[in-house]
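Read off the chains here:
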Amino acid sequence: MRAVVSSRLKKATTAVTVCGLAFTGTFVAGGVSASATPSTSVVINEVYGGGGNSGATYTNDFIELSNRGDTAVSVDGWSVQYHSSSATGAWQVTPLSGSIPPGGFYLVGEAQGAGGTQPLPAPQAIGTISMSATAGTVALATNATALTCADSASCQSGSVDLVGYGTAAIRETTPVGGASNTASVQRNDKPDSDDNAGDLFAAAPTPGAANPPAGGGGGGGGEPGPLRIHDIQGAGWLSPHNGEHITNVPGIVTGIRSAGSSKGYWIQDPTPDSNPATSEGIFVFTSSPGVAVGDSVLVSGSVKDFYPLSSGDTVPTTSNLSVTEIGSPTAIVLSHGGTLPSAEVITPATVPGIYAPDLGGGNIESTPIDPARSALDFWESREGMRVQIDDARVVGPSNSFGEQFVTTKPAQATTYRGGTELVAGNAVPSGRIEIVPVDGSNPGTSVSDVLSGATAGPVDYSRFGGYTIAATQVGTVQHGNLPPVVATAQLSKQLAVATYNVKNLAPGDPASKYARLAQGIVTSLAKPDIVAVEEVQDNSGATDDGVVMADQTLTKLTEAIVAAGGPRYDWREIDPVNDQDGGQPGGNIRVVFLFNPARVSFVDRGASSVNRSITGTSVEKRKGKPALSLSPGRIDPTNPVWNASRKPLAGQFRFRGRTVTVIANHFVSKLGDQNADGRFQYPAESSTVQRVGQAKAVHDFVREILKVDKKADVVVLGDLNDFQFSSSVTALKTGTTDGSGVPILTDLIGTLPANERYTYVFDGVSEVLDHILVNSRTRRVQYEVVHVNAEYADQTSDHDPQVVRLKP
């Protein structure tokens, strides 16, 4: 992958001027060696033979060279060679090619062992020599012919450099000790004295990075190359130097990410240009960060526009935007402890009010960056640069990775509980931004909490899409202690019908999940008479073993409800055909009716011999009233609109002498849609086509019921995976995507005040995915969304349940 450099060498006394900036002190390397009086020759900088051994971190042995001279040295035709610790036997050879820049490293990967947890940084040469962890000799030769010498004097004269370690018989003066499975031998920063014991020392391996200090010495220097960071970033979304090798780009280290899969550090140029579209910061990708915040560095490496989650580089396979970064880096550290470039303080007026421009679905990368056009432009123009938000209010709770969202615009689209709301299509609140601590810590925040004081760090782009602040400083968490919502209990004459997505509920889930779900049904939803439950898995959970029954899952849930003080619910459901209804592979999720038999009765209809998984129910007229041919039954289950998706479950209930038809749904998800934070604006939502088909199928079924009795009590509910203003929900209500049809259903979310219309929080945006709809002729309904999950770091499901109370 990509490697860095260490900044841990002692300071030099040389003052170096870089592009008009005075840097005093350190010459170290992120991939560069340092020496008090640099040698003019290439030397063996580090030897490690413990790769892949017990207790080792790295999986491979390696040999590392460094160039102590002032000019690049070609190693074409050269070799590194290894000999066992004895004076007998043959030398093993690994040929080299390429060159080593002044102050640079050259990493040679050797044999891989069975252990270790971390691969080497990208080597410049690869061999297969299996070296001893504790004793042996390594030589650097100017040709690839195996040495024939067998004594120290002959081998020293026949090689450029020679390192003997442990009990090596062939060495320079005295072999260096301390090599092991967990320690390499590394060159110190003193001039080469031809005494291995004096020139090297044992320490934790640092492949592709400078060695830690060991004894006196000073530094060196380096001159900046022709490009600055703003030249690399350019005024567009992609670097004009993508794919090029760049040399000695100056900057100050502003942050180090030591956690996660994308480790590395950020550098920023403290002397920006006058172009507001060009960023002055950039990410340096390396699996072994070795610099320190405040280091003044010159970084060399390869420029890459990296697309998160893409399997292709030339043609990205994701709609995500890219991150411009420097890979396979080496770095010269000129000084330590410098003042960081000031963080730009983001105020409510700083970020544009529009999140993304409408380009008719076009690629934003084909347009120039205009920081005043949209939030996407604004953050891209600051990619890699330090920003700061003061007293940031949390609008998206912390997840298990320590990621949370705040708003830079506290008054924008605010929900009644402190979130930020999606109020129309393609209207992502522009103030929302993700905060990810670079140290991997988890602030444990919920919506309405405040990060009091300053939260600051470089601007980054998330692996899953969206700009983030890689926080090197996180404000103090001031908890808002947002109280969970508790529904009003139904009156004796009211029928309470609820919906709850229980997030892949399986028998193997901990008892605590069942207990909290039960508490949500008993206390938060106030013991509804009917609950449509989504994402109930089969008896073996996600194990794909052909099991489709879910009685064990439902028994555990209903028993937990009784233990929480609730009624003993009965249930009705239809087992899906194995692996045909989407969701987590093997889980066979389905929708289920729970009902309280002390309050309602279920109308069971249809022969038990009918395969209801594939046989659809239909509407019949019985005694002038609508009746289902199969209850419970599925709506048109063989219709292609239900491919790899849950089929609606229809059932009829009797309450106080009246029949109520309930249709539970879990429409196909938005997987496959283009990212709202990505390149294409506005994003294409390919999944909408299937959801519209599903909505029309349910609409037409309801229409058949209302043809028999226009005043029939019908409740359509569940996780529709779409917004209240979407074409699919419109089709469910009216049968048309443009709303030109006559509504036969009322979506109750629209009856709430505008700042209460949400059931889910996704990436810091409060939005609607779950719905309850009733016959448009229905009156006297009371409806609540019960916020107990989506806004909290500690959540049982990612959906909030909701309930309607009505008088049939």
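Right above here is the structure, for reference.
Here is a short report on the structure shown in this document. Just so we're clear, the structure is a prediction, and the values are computed from it rather than from any experiment.

**Concerning the packing of aromatic side chains**
Counting across every chain of the model gives 13 aromatic pairs. Taking the centre distance of 4.9 Å and the plane angle of 85° together, the rings of F602 and F653 count as edge-to-face. With F602 in strand β33 (residues 601–603) and F653 in strand β37 (residues 649–655), the pair connects residues that are 51 residues apart, well separated along the chain. Given a relative accessible area of 10%, F602 falls into the buried group. We classify F653 as buried; its relative accessible area is 1%. Taken together, F593, F595, F602 and F653 form an aromatic cluster joined through their ring pairs.

**Remarks on the state of the cysteines**
Within the structure shown, the criterion is met by 1 disulfide. Through a disulfide, C149 is tied to C155; the S-S separation comes to 2.1 Å. In this structure, the disulfide formed by C149 and C155 twists by about 115° around the S-S bond and is classed as right-handed. The pair C149 / C155 is uniform in exposure class, with both members buried.

**Here's the deal with the side chain of D722**
Residue position: D722 is located in the loop between β40 (713–719) and α8 (727–734). A polar atom in the side chain of D722 sits 3.0 Å from the side chain of K670. A distance of 2.9 Å separates a polar atom in the side chain of D722 from a polar atom in the side chain of R691. Ignoring sequence-local partners within four residues, the contact set of D722 consists of K670, R691, S728, V729, V768, L769 and H771.

**Let's talk about the environment of D794**
Within the secondary structure, D794 sits in the loop between β45 (782–785) and β46 (802–806). By relative accessible area, D794 is classed as exposed at 52%. At 2.7 Å, the side chain of D794 and the side chain of R516 are in polar contact.

**Looking at helix α6 (residues 551–563)**
When the terminal C-alpha atoms of α6 are compared, their 18 Å separation across 13 residues agrees well with the 18 Å that a helix rising 1.5 Å per residue should span. Inspection of α6 places T553, L554, L557, T558, A560 and I561 among the buried residues, and these make up the whole buried set. Axial view of α6: buried residues confined to an arc of 155°, hence all on one face. The secondary structure elements touched by the buried residues of α6 are β29 (495–505), α5 (511–524), β30 (530–536), β31 (570–572) and β32 (590–595). Once α6 finishes, G565 follows within two positions and takes phi at roughly 95°, a positive value.

**So, a positive patch on the surface**
Together, K493, R656, R780 and K807 give the surface a local cluster of positive charge. Residue position: K493 is located in the loop between β28 (476–478) and β29.

**Notes on the sheet that holds β45**
As summarised here, the arrangement of the 6 strands in space is β31-β32-β30-β29-β46-β45, forming an open sheet in which the pairing is mixed. At either end of the open sheet lies a strand with only one pairing partner, and these are β31 and β45. On average, adjacent strands in this sheet sit at an angle of 20° to one another, irrespective of strand direction. As paired elements, β29 and β30 share 6 bridges and run parallel to each other. Looking across to β30, one finds that A498 is bridged to V531. Each of β29 and β30 is contacted by α5, which is oriented at about 160° to β29, the strand it contacts most. Strands in contact with α6 are β29, β30, β31 and β32; relative to β32, the strand with the most contacts, it is inclined by about 35°.

Thresholds applied
Here the residue index of a chain counts from 1 through its sequence in written order. Local features in this predicted model are restricted to residues whose pLDDT is 70 or higher, and side-chain atom pairs enter the listing and the counts only when it is 80 or higher, whereas totals over whole chains, interfaces and linings include all residues. Side-chain metrics in this entry use all non-hydrogen atoms of the structure; hydrogen atoms and water are not considered. Classification of ring pairs rests on two measures: the distance between centres of Phe, Tyr or Trp rings, Trp counted by its six-membered ring, which must be within 6.5 Å, and the angle between planes, read as stacked under 30 degrees, edge-to-face over 60 and tilted in between. Going along the chain from the N terminus, every DSSP run of H or I of four or more residues is numbered as a helix, and every run of E of two or more is numbered as a strand. Classification of residues uses two cut-offs on accessible area relative to the type maximum, computed with a 1.4 Å probe and protein chains only: under 20% is buried, over 50% is exposed, and between them is partly exposed. Working definition: a disulfide is two cysteine sulfur atoms within 2.5 Å of each other. As used in this structure description, the phrase polar contact means that two N or O atoms lie within 3.5 Å; if the pair is within protein, one of them must be able to donate a hydrogen and the other to accept it, and residues adjacent in sequence are counted only when both atoms belong to side chains. The contact definition used throughout considers only heavy atoms, calling two residues in contact when any of these lie within 4.5 Å. To estimate how far a helix should reach, multiply one less than its number of residues by 1.5 Å. Within this analysis, the arc is defined by the directions that extend from the helix axis to the C-beta atoms. A patch is a set of surface residues, each over 30% in relative accessible area and not in a salt bridge, joined within 9 Å for like charges and within 5 Å for the nonpolar side chains Val, Leu, Ile, Met, Phe, Trp and Tyr. Here, Shrake-Rupley sampling with a 1.4 Å probe gives the accessible areas, and only protein chains in the shown set may cover a residue. Salt-bridge detection follows one rule: a side-chain nitrogen of Lys or Arg within 4 Å of a carboxyl oxygen of Asp or Glu. The charged-residue count follows a simple rule in which Lys and Arg add positive charge and Asp and Glu add negative charge, with His and chain termini not counted at all. Taken as the charge location is NZ of Lys, CZ of Arg, CG of Asp or CD of Glu. At least two bridges found by DSSP between two strands is the condition for calling them paired. Note on geometry: axes are lines fitted to C-alpha atoms, helical ones only across the stretch in contact, with angles between N-to-C directions running from 0 to 180 degrees.

Bear in mind that shape data such as this cannot, by itself, settle questions of function.
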